[in-house]
Each structure stands twice: as C-alpha cells, then as structure tokens.
Amino acid sequence: MALTAEKLINDERFCGDNPIQFLLYLPFGLILMALRIVLACILWIASFILPDKFAARQLISTLACLTFGVYIKEKGNKDPKCSVFVANYVSCLDSLAASRALGSITLRKWKVPPFFASTLGIKNIALFVRKQHFAESPDKPVLLQPEGGPTNGKGLLKFTDCSFPLPNVVQPIAISVERPFTTVTVHRHSEAGRRFPWRDLLWFLCSPYSVFSVRALPPLERDGDNDQVFGERIRQAIAETLQVEATELNSEDIRRLVLPRARASSRAQPSAPVNERTRLARQVKEVLPNVPLQDIMRDLAKTRSVDVTITNFLEGLTPYTPEPGPEPQPSTSAPSPKYVTPCPTGVFPKTAKERQMSFQERKAQMIAEARQKYIEKHRIAVSC
C-alpha cells in the first residue's frame, strides 16, 4: 500500500505509549540543556581562538556533537574522488552528522548566523559558488538533500530541490536517526517554510542523546542519464538501503497538507466575527462607493478599523479597480455638488507635504459629497 502524506508527518512530539517516562526525565533534561548551553558558549569562544586547520575543525565538530547530544555511527567507506554526496532528509542536524562523518558541507536555504552555520556544516545556497568552492576546497565535498524537506523516515520524497546539476559520479548517503522518548522531526506550519526549526534544535539539547547512522553507499555513475533519471536511480538506492518506500510525493504535497491545518487553527479563533466585519465594510462602502466590497473586506481583515481602511484607499496605499457608480439622478430641489470625488490613481505621493495635502483635499471632498447626499436624502432646502 502506497504511503500517504499523513504517514510521513509526525504530529505528536512523543514516541511510544508512555509519556510518563519523559515527564520523569524532564528535570534532568532541563539540567542537561543548561549544561549544553554552557558548552555551546565554550564552542563559540573556541571558534574564534582556534585556527582554521583540519585538527581545529575536527575539535569544533566534536564539541558540536557533544553540545547537541549527537552520536554518529559511520558505515561504509567515503569515496575520496566524489565531490558531491546525495542523502535523504531526516532532521535539522543532518548537516552536523554528515560534516563529522564525511567532512562535507550541506547546502541550505536557511538564513542563520555565520558561527552557527559553520559549526553545523551549513552553507547558504544563495552564497554558494560551485566552481569557486571546489577550486578553494577540493577536499571538502558538498552534501545535497534534494527532497526539499524532512520526513519521519518512513519514506523518501521525490527529488525536486537540487541546488545544481548532478555531476557524472555521485555517492549516495543513507541517514537514519533515533532517540529515546521523543520523535526527531515534527512538522509545524511555521517550520514548513524555509526557516531554521529552532524548536527541534531545543529538543536536541534536552534529549539525552540522538544516534545518527550515516551509511556511505557505492558511488553511482551517470551513464548518459539526464538529471531526472540519474536522481531517481540515486533515490532508489537510498530507499533500498533504508528499506523504505520511494514515494510519488514531493515536498509541496507535504506543505499542502500542513498549511491547511494552520489555516484551520486560525479560523478556530477568528480575529473578528464575520457579521461585524460585514457591518464595518458597509460603512466604508457608504463613504467610498467606487471601491469593490471584496477589497474592503480584505483590507478590514488587516486593519480592523473603518478610518484606517478609508485612509488606505484615499491615500492609494491599498490599490483597487474602481467599480462603475450609479447613473446620476437629475434633481431640481438642490444645486449640483460643488465637489466631485476623483478616482484614486493608486500612486503614493513622494513627500510628506504632498501626502498631507492630498489627504486633506480628499477628506474635504468626501465630507462635501456626504453632506450633499444627506441634503438630497432629507430634502433640505439650503440657500446658495
């Protein structure tokens, strides 16, 4: 039976059937977290003192593994001729385990502090220059995780997030991780994007240990295959090693599953009742009849204020397409209005003085038009 997206996501933090064990462990876990934070400070100081040599990098990598409670089991042999590794995506610390076991750097889209990135073996994709890197660091291979997002390890997603074309020879890497009490990866809607999952990192600090198994598989050659076919061969090799299913799902399928849950939770506690928002929209519509109601509702959902919404439309801060107004009715009881409200162009004035003059002018026009409508509605005779 094919895996569904729900089976690749852990909604609960606890694993197993006895969370009481973790509650008993929690006081010790908090003490361990405090000690590891102190160790992280020492690691930060050591990164400034120690030179950028191989032995110093190995020492910093060892301290980083101790800081996050990461224990690494290395299996297989790394091919020194391979400059690119391809692995599955399990957790936010895959890069640390790979850096320690393989001496690689991992490409990510996260924006994290430079010290933190270098300690975990992370390189921002936007700042990575492939040719320059391999020219300056030929002994430092690159680890790619083309799944585009982590799963709970029960299946492999399609490779849709390659940072650059695969070379002719690639070494697949199979990564698995285990820890007591809690699961390793838990998907949250805030973490479904491209931000670093700091919440998962805190669980690494609190957990007694996390065991990473990094298995280096035999290198694969392209043999004339295109990137898609070659990537699928690599994915099948990793799936067979981990004994999991190579699914037909991708990272976008996971995000489409996670984001509706976030919207449902936000709808459970709406910012303002629908009836109340409709009443406010009608008030704005009476003042600005040319503005479409759906645009008014959309702006009210952000501002929650009639005055602010009116100002946004008058000042051109919220663009819209004006609706055609009703045909004017000829009237003999009162003169035509002195002011005609022009359709806002949506162009925001450059200077504060121009904005203030524009606002005062439109405000005066709006008041004059509202006054004229009131006079016509109640048929009040006004002398010129």
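Keep in mind that what you see is a predicted model, and the values were worked out from it rather than measured.

> Which parts of the structure should I look at to understand the overall build of the protein chain?
For the protein chain, the count of helices and strands is 12 helices and 10 strands. Within the span of the protein chain, comprising 384 residues, buried residues form 41% of the whole. Of all intrachain contacts in the protein chain linking residues separated by at least 6 positions in sequence, the fraction that spans at least 24 positions is 76%. For the protein chain, the exposed area adds up to about 22,700 Å²; of that, 58% sits on carbon and sulfur atoms.

> Help me out: how do you make sense of the nonpolar core in this one?
Side chains of nonpolar character tend, in soluble globular proteins, to be buried together. Ranked by internal contacts, the top residues of the largest apolar core, which has 40 residues, are F68, V70, L93, I173 and F212. F68 has contacts with R36, L93, L96, F116, L120, L201, F204 and L205, leaving out every residue within four places of it along the chain. Counting residues in hydrophobic clusters, the runner-up holds 21 residues, among them L156, L166, A239 and A246.

> Whenever I open this one, the layout of surface pockets confuses me. Can you help?
A probe matching the size of a water molecule, rolled over the atoms, marks out where space remains unfilled. The space that makes up the largest pocket amounts to roughly 1,100 Å³. Lining the largest pocket are 39 residues, and of these R57, I105, S118, G121 and K140 sit closest to its centre. Listing elements by their share of the lining of the largest pocket, those giving two or more residues are α2 (54-68), α3 (94-102), α4 (114-120), β4 (122-124) and α5 (130-136). Looking at the lining of the largest pocket residue by residue, the classes come out as 17 nonpolar, 13 polar and nine charged.

> Which parts of the structure should I look at to understand the side chain of Q145?
By secondary structure assignment, the location of Q145 is in the loop between β5 (142-144) and β6 (155-156). Overall, Q145 belongs to the buried group, its relative accessible area being 7%. In this structure the side chain of Q145 is engaged in a polar contact, spanning 2.7 Å, whose partner is the backbone oxygen of N88. Each residue touching Q145, except ones within four places of it in the same chain, is listed here: A87, N88, Y89, D94, T106, R108 and I175.

> Looking at this model, I keep getting lost on helix α7 (residues 227-242). Mind explaining?
Every α-helix winds through 3.6 residues per turn, so residues three or four apart in the chain are directed the same way. Helix length check: α7 (16 residues) gives 22 Å between terminal C-alpha atoms against 22 Å at 1.5 Å per residue, within 8%. Those residues of α7 that are buried lie in contact with β2 (84-87), β6, β7 (169-178), β9 (220-221) and β10 (245-246). Taken from the residues just after α7, Q243 is the one with a positive phi, measuring 60°.

> Any chance you could explain helix α1 (residues 19-49) here in plain terms?
With 31 residues, α1 should reach 45 Å at 1.5 Å per residue; the first-to-last C-alpha distance of 43 Å fits that figure. Buried within α1 are the following residues: F22, Y25, G29, M33, R36, L43 and A46.

> Would you explain the packing of α1 against α2 in this entry?
Axes are the key here: two packed helices are described by the angle between their axes and the distance separating the axes. Following both chains from N to C, one finds α1 and α2 inclined at 165°, their axes separated by 9 Å at the closest point. For the element pair α1 / α2, the angle class is roughly antiparallel. Handedness of the crossing formed by α1 with α2: left-handed. Along the contact surface, α1 presents R36, L39, A40, L43 and S47, while α2 presents I60, L63, A64, L66, T67 and F68. Tallied by class, residues from the contact of α1 with α2 come to eight nonpolar, two polar and one charged.

> Please clarify how the UniProt feature "transmembrane region" (unreviewed entry) in the protein chain should be interpreted in this entry.
UniProt's feature table lists "transmembrane region" (unreviewed entry) at residues 22-49, given in the numbering used throughout. Each end of residues 22-49 is marked by a C-alpha atom, and these two atoms are 38 Å apart; helix forms 100% of the span and strand 0%.

> What exactly am I supposed to notice about a nonpolar patch on the surface here?
A contiguous nonpolar patch, built from W44, I45, F48 and I49 and spanning about 480 Å² of accessible area, is present on the exposed surface. When you line up the elements, I49 lands in helix α1.

The rules behind each value
- Residues numbered from 1 in each chain as written.
- Predicted model: local features only at pLDDT ≥ 70, side-chain atom pairs only at ≥ 80, totals over all residues.
- Heavy atoms only, no water.
- Helix = DSSP H or I, 4+ residues; strand = E, 2+ residues; numbered from the N terminus.
- Buried < 20%, exposed > 50% of the residue type's maximum accessible area, 1.4 Å probe, protein only.
- Contact = heavy atoms within 4.5 Å.
- Areas by Shrake-Rupley, 256 points an atom, 1.4 Å probe, with all protein chains shown as cover.
- Core = buried A, V, L, I, M, F, W, Y, C linked by side-chain atoms within 4.5 Å.
- 1 Å grid on protein atoms, 1.4 Å probe; cavity = no way out; pocket = protein on both sides within 12 Å on 5 of 7 lines; lining within 4 Å.
- Points joined across faces, edges and corners; volume = space filled by probe spheres on them.
- Nonpolar A, V, L, I, M, F, W, Y, C, P; charged D, E, K, R; others polar.
- Polar contact = N/O pair within 3.5 Å; in protein donor to acceptor, adjacent residues only side chain to side chain.
- Expected span 1.5 Å × (residues − 1).
- Axes fitted to C-alpha atoms, helices over the stretch in contact; angles between N-to-C directions.
- Parallel < 35°, antiparallel > 145°, perpendicular 65-115°, else oblique.
- Left-handed = near helix turned anticlockwise from the far one by under 90°.
- UniProt positions renumbered as here; feature names shortened; annotations may be inferred.
- Patch = residues over 30% accessible without salt bridge, like charges linked within 9 Å, V, L, I, M, F, W, Y side chains within 5 Å.
- Salt bridge = Lys/Arg side-chain N within 4 Å of Asp/Glu carboxyl O.

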